[in-house]
Amino acid sequence: MQIGGSAAARVLAAAALSFFVVACSAGPGSLPVLPQAEEGPYRLGAGDRVRLVIFGQEELTGEYLVSDSGYITVPLIGAVHAEDMTVREMEEQISTELRKGILVDPNTTAEIVTYRPFYILGETKSPGQYAYVPRMTVLTAVSISGGFTFRADRDVVSITRTVDGDLAEFSADPLTYVQPGDVITVYERLF
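*Asks:* Looking at this structure, how should I read the overall build of the protein?
*Replies:* Along the backbone of the protein there are 3 helices and 10 strands. Within the protein, the fraction of its 191 residues that count as buried is 35%. Sequence separation of at least 24 residues holds for 53% of the intrachain contacts in the protein that already meet a minimum separation of 6. Carbon and sulfur atoms provide 57% of the accessible area of the protein, an area that totals close to 11400 Å².

*Asks:* In this structure, what is going on with the sheet that holds strand β6 (residues 118-122)? I would like to understand it.
*Replies:* Across a sheet, paired strands are connected by hydrogen bonds in the backbone, their directions being either parallel or antiparallel. What the 5 strands build is an open sheet, ordered β7-β6-β10-β8-β9; its pairing is mixed. Looking at strand neighbours, the two that pair on one side only are β7 (128-130) and β9 (166-172), the edges of this open sheet. Between one strand axis and the next, the sheet turns through 25° on average, direction left out of account. Across 3 bridges, β6 lies against β7 in antiparallel orientation. From the neighbouring strand, I120 faces β7, where its bridge partner is G128.

*Asks:* What should I look at first to understand the pattern of salt bridges in this one?
*Replies:* Pairs may arise between side chains of opposite charge once their charged atoms sit close together. The final tally for this structure, using the stated rule, is 7 salt bridges. Salt-bridge contacts for R43 lead to E89; the nearest nitrogen and oxygen are separated by 2.9 Å. Taken together, the positions of R43 in the loop between α1 (5-26) and β1 (49-54) and E89 in helix α2 (residues 87-99) put the pair 46 residues apart, joining distant regions of the chain. A relative accessible area of 31% means that E89 is categorised as partly exposed. A network of salt bridges, in which partner residues are shared, links R88, E91 and E92.

*Asks:* Sorry if this is basic, but what is going on with the nonpolar core here?
*Replies:* Burial of nonpolar side chains together is a common tendency in soluble globular proteins. Residues I72, V74, M90 and I94 are the most contacted members of the largest nonpolar core, which totals 19 residues. Element by element, the count of residues in this core is highest for α2, at 4 residues. Sequence-distant contacts of V74, defined by excluding residues within four places in its chain, comprise L52, Y64, V80 and I94. Counting 17 residues, the second largest nonpolar core, distinct from the first, contains Y132, F170, A172 and V178.

*Asks:* Before we go on, may I ask you to explain the sheet that holds β1 in this structure?
*Replies:* Read from one edge of the open sheet, 3 strands run β2-β1-β5, paired in antiparallel fashion. The sheet is open, and its two borders are formed by β2 (62-65) and β5 (108-114), each paired with just one other strand. If you compare each strand with its neighbour and ignore which way they point, the axes differ by 30° on average. Along the sheet, α2 contacts β1 and β5; its crossing angle with β5, the most-contacted strand, is approximately 135°.

*Asks:* I would appreciate a short explanation of the side chain of T137 in the present structure.
*Replies:* Secondary-structure assignment places T137 in the loop between β7 and α3 (138-144). Polar contacts involving the side chain of T137 include one to the side chain of T140, which spans 3.0 Å. Excluding residues within four positions of it along the chain, T137 makes contact with P174, L175, T176, Y177 and V178.

Calculation notes
- Residues numbered from 1 in each chain as written.
- Predicted model: local features only at pLDDT ≥ 70, side-chain atom pairs only at ≥ 80, totals over all residues.
- Heavy atoms only, no water.
- Helix = DSSP H or I, 4+ residues; strand = E, 2+ residues; numbered from the N terminus.
- Buried < 20%, exposed > 50% of the residue type's maximum accessible area, 1.4 Å probe, protein only.
- Contact = heavy atoms within 4.5 Å.
- Areas by Shrake-Rupley, 256 points an atom, 1.4 Å probe, with all protein chains shown as cover.
- Pairing = 2+ DSSP bridges.
- Axes fitted to C-alpha atoms, helices over the stretch in contact; angles between N-to-C directions.
- Salt bridge = Lys/Arg side-chain N within 4 Å of Asp/Glu carboxyl O.
- Core = buried A, V, L, I, M, F, W, Y, C linked by side-chain atoms within 4.5 Å.
- Polar contact = N/O pair within 3.5 Å; in protein donor to acceptor, adjacent residues only side chain to side chain.

Limitation: the analysis is restricted to geometry and does not speak to function.
Right, dumping it as C-alpha cells:
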C-alpha cells in the first residue's frame, strides 16, 4: 500500500509533533523547582577533607577525610561522627572525646581543607567532576567546566541533590547556588 503525498506529510508532521512533545516533557521544565537551601553554617559530608589541630598534640594534628559512612578516624579516640555536623560541632565532639581520660583540657580547632566535589553533565565543554567552591552558582560551575557548548540550553538546568534524606532531581536557573555533591545536568536546547 502506498501513501499519497499529503498523507505522508501528515504522518511525518504527527511523528515530529510527538517527538517534540516527548522531548519537552523529558527536559528540566517538567521537574519541580529546587527548594531554597537552608542558610547557615556548612554541614560536613562524605568526601570533605578537614584539618584538625589539637594544640600541643602534633601526633593528633593532621588532615582527615570524612568517609563514605560519615566518620573520621582520629588516633586515640577512633571513629568520630562528622557527617551533617558543622565544623564547630565536630570540634566540640572531638574535645569531649579527648577529655575522657586522654587529655585534661584539649584545645581543638578544625577547618575544611577540601570540599567534596560537584559533578556536571551534558552540554558543557568539559563535563566531569570538579572541586566545589563556596557560594558557587550554576553559572560558575558551567564556567569551571569550560563553558556552554553551542547547543546548550542556557536558561534552565537540572540539579540532582539529596533533600531531607532523599535523592531527587529539580529544575534550576543559572543563578541557583550549587552545593557540594550536586549533579548538574545542562540540556541541549530544542531549537
